[in-house]
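Listed here are the chains, written in short residue letters.
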Amino acid sequence: SVRIALEGQPHAVESFIQTLEGRLPPNASLGNVSLVESVPVSEAEKLEKFSILPSFLTGATSLVIPADLAICRDCLSEITNPSDRRYGYAFTTCVNCGPRYTIINSTPYDRERTTMSAFPMCENCSHEYWNPSDRRFHAETIACPKCGPQPSMEDSSGKIIKGDAIEKARIELSKGGIVAVRGIGGFLIAADAFNRDALTTLRQRKTRPHKPFAVMAPDIAVLKKYCIVTDEAERLLASPEAPIVILDIRPDSTAGNRELPLDLITPDAMTLGAMLPNSPLQKLLFEPLRQDSVPAFELLIMTSGNHGGEPICITNNEARRRLRPIADYLLVHDREINLRNDDSVCVIRRGILQVWRRARGYAPTPIRLPHRLKRNILAMGADMKNTITVAYEDSAVLSPHVGDLETPEALDSIENTLGNLIAFLKKPPQTIAVDLHPDMRSTKLGRQIAAQADIP
């Protein structure tokens, strides 16, 4: 929650409150506004300037964990502008975009309680951060090439590849290499979508003979060459949530310079799971900057960085251990991911949005309930496509997609997810909801937690 101290004539204060909701920043939302108190102010008590004070917690709080947001147009403009100080910088963000949930260590959400606390701001970033007229005013993920995270490139033996990491990754992708890329909520595995040999090798290494691969395009115009993109789908692809959107493939999808090997990308259907870059690093993989001689990519495969049945990798060491049998190279960075968050998957049916996998961009934004609950509930979900939920008062907070609970890594992931969600929301469960199937791992874990806490 936010407390605002307003000072002015009664009609001006009332006008501010009335117009506030219509003048919010692009990705902000307002649950409700209530007046705490209204008192006359003497000359001596008047405020001198606008300021944001450090966060504090009172007894009654209703915390919301912010969701991760895709790169905004302003930041996109900066990383492609040679005269900007963030030109080519893979971790450019502002208040309107960037990681949030995935980098939180504890709540409330402030820089010192995120993994960005490891990067002290330089003088320029500090000036932007404290300047109320700057769009990076209190942007907790603010960074630049001088003071922020940095990417690096490794081969499968762990040897660091010297030179510009993103340029080296582009070179290897152009030669048919398979590169594991550390994203906002975990690793993705990238390959040139037009390289049949690379896709055949990727399917063999992932032991994934039939399930479709998602593709990423640099912009909407490229996707329209290969897919039918309705106005609704275009808005969804370019939204701050930036999910994977299931699109119908155009009958004339060979409109590009090379034929797209659909039999290797989506063997069982004439649809394509497509998305746009959701981070600066992903955008920079597509187009050459500076002295880069590799031509721009049209489409890259971007599939989850895991083996079947396992959660996606989030740490560099985890990727080195689990992804080396799959990837030829690792494009890593030193901004730690505290919580994994897979790509969301959506489809539009008859003009209506369906969220098939609710994760990055959507989770853990709360869903408002039509009635208030009498106690806090932890719902454990099922064994397949698992998602857990913490419900309290009039809110249900769904975790990001956890996945199938068939491996030790997946069970570790669900325990980590529920532990963090409860701790962040400060809503310990008073009842645990489990599936009636006695052999589900989620049911067993839920019963175990209930017994330990002595709750139903």
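Keep in mind the model is a prediction, meaning the values are calculated, not measured.

Structural notes on the packing of aromatic side chains
Step number 1: The tally for this structure, following the rule as stated, stands at 4 aromatic pairs.
Step number 2: Centre to centre, the rings of Tyr129 and Trp130 are 5.0 Å apart; their planes meet at 85°, and the pair counts as edge-to-face.
Step number 3: On the basis of relative accessible area, Trp130 is assigned to the exposed category, the value being 52%.
Step number 4: One Lys or Arg, Arg203, reaches over the ring of Phe213 and ends 4.1 Å from the middle of that ring.

So, the pattern of salt bridges
Step number 1: Per the stated rule, a full pass over the model turns up 25 salt bridges.
Step number 2: Ionic contacts of the salt-bridge type, sharing partners, join the residues Asp74, Glu78, Arg135 and Arg136 into one network.

Looking at the packing of helix H11 (residues 408-425) against helix H12 (residues 441-453)
Step number 1: Interhelical geometry of H11 versus H12 gives an angle of 45° and a closest axis separation of 11 Å. Taken together, H11 and H12 sit at an angle that is classed as oblique. The two elements H11 and H12 cross, and the hand of that crossing is right-handed. In contact with Leu411, Ile414, Glu415 and Leu418 of H11, H12 contributes Arg441, Leu445 and Ile449.
Step number 2: In terms of residue class, the contact of H11 with H12 is made up of 5 nonpolar, no polar and 2 charged.

Notes on the confidence of the model for the protein
Step number 1: Residues with a pLDDT of 70 or more make up 98% of the protein, whose mean pLDDT is 92.
Step number 2: Ranking the elements of the protein by mean pLDDT puts H11 last with 90 and strand E17 (residues 431-433) first with 98.

Considerations on the sheet that holds strand E13 (residues 367-368)
Step number 1: Strand order in the open sheet made by the 5 strands is E13-E16-E15-E14-E17, with mixed pairing throughout. Looking at the sheet topology across the chains shown, the edges are occupied by E13 and E17.
Step number 2: Pairing analysis gives 3 bridges linking strand E14 (residues 377-379) to E17, with the strands arranged parallel. Residue pairing in the sheet places Ile377 in a bridge with Thr431 of E17.
Step number 3: Against the sheet, H11 makes contact with E14, strand E15 (389-392) and strand E16 (395-398), and its axis sits at roughly 25° relative to E15, the strand it touches most.

What to know about the state of the cysteines
Step number 1: The tally for this structure, following the rule as stated, stands at 0 disulfides.
Step number 2: No disulfide involves Cys125; its sulfur sits 3.7 Å from that of Cys144, the nearest cysteine.
Step number 3: Judged by relative accessible area, which is 0%, Cys125 ranks as buried.
Step number 4: Summary of cysteine pairing: Cys346 is not part of a disulfide, and the nearest cysteine sulfur, belonging to Cys227, is at 15 Å.
Step number 5: A residue is classified by how much of its surface remains accessible, and Cys346, at 0% relative accessible area, is buried.

Comments concerning the nonpolar core
Step number 1: The biggest cluster of nonpolar side chains holds 43 residues, and the ones touching the most others in it are Leu223, Leu247, Leu260, Ile265, Leu299 and Ile301.
Step number 2: Those elements that provide at least two residues to this core are strand E4 (187-192), helix H5 (196-206), helix H6 (220-226), helix H7 (231-237), strand E7 (244-249), helix H8 (262-265), strand E8 (271-275) and strand E10 (329-333).
Step number 3: Looking at this core, the element that brings in the most residues is H6, giving 4 residues.
Step number 4: Not counting chain neighbours up to four residues away, the residues in contact with Leu223 comprise Ala217, Val229, Leu237, Leu247, Ala274, Leu276 and Leu299.

A closer look at the pairing of strand E3 (residues 179-182)
Both faces of the sheet carry side chains from a regular strand, because those side chains alternate between them.
Step number 1: Neither face of E3 is open: one carries Val179 and Val181, the other Ala180 and Arg182, and all of them are buried.
Step number 2: Relative to E4, E3 runs antiparallel, the two being bridged by 4 bridges. Note on E4: the bridge partner recorded for Ala180 is Ile189.
Step number 3: Between E3 and E4, which pair antiparallel one after the other, the connecting turn spans 4 residues, and Gly186 there sits at a positive phi close to 155°.
Step number 4: Taken together, the 3 bridges between E3 and E10 define a ladder with parallel strand orientation. Within E10, the residue paired with Ala180 across the bridge is Leu330.

Cut-off values and rules
Residues numbered from 1 in each chain as written. Predicted model: local features only at pLDDT ≥ 70, side-chain atom pairs only at ≥ 80, totals over all residues. Heavy atoms only, no water. Phe/Tyr/Trp six-rings, centres within 6.5 Å; stacked < 30°, edge-to-face > 60°. Buried < 20%, exposed > 50% of the residue type's maximum accessible area, 1.4 Å probe, protein only. Lys NZ or Arg CZ within 6 Å of the ring centre and 35° of its normal. Salt bridge = Lys/Arg side-chain N within 4 Å of Asp/Glu carboxyl O. Axes fitted to C-alpha atoms, helices over the stretch in contact; angles between N-to-C directions. Helix = DSSP H or I, 4+ residues; strand = E, 2+ residues; numbered from the N terminus. Parallel < 35°, antiparallel > 145°, perpendicular 65-115°, else oblique. Left-handed = near helix turned anticlockwise from the far one by under 90°. Contact = heavy atoms within 4.5 Å. Nonpolar A, V, L, I, M, F, W, Y, C, P; charged D, E, K, R; others polar. pLDDT = per-residue confidence, 0-100. Pairing = 2+ DSSP bridges. Disulfide = S-S within 2.5 Å. Core = buried A, V, L, I, M, F, W, Y, C linked by side-chain atoms within 4.5 Å.

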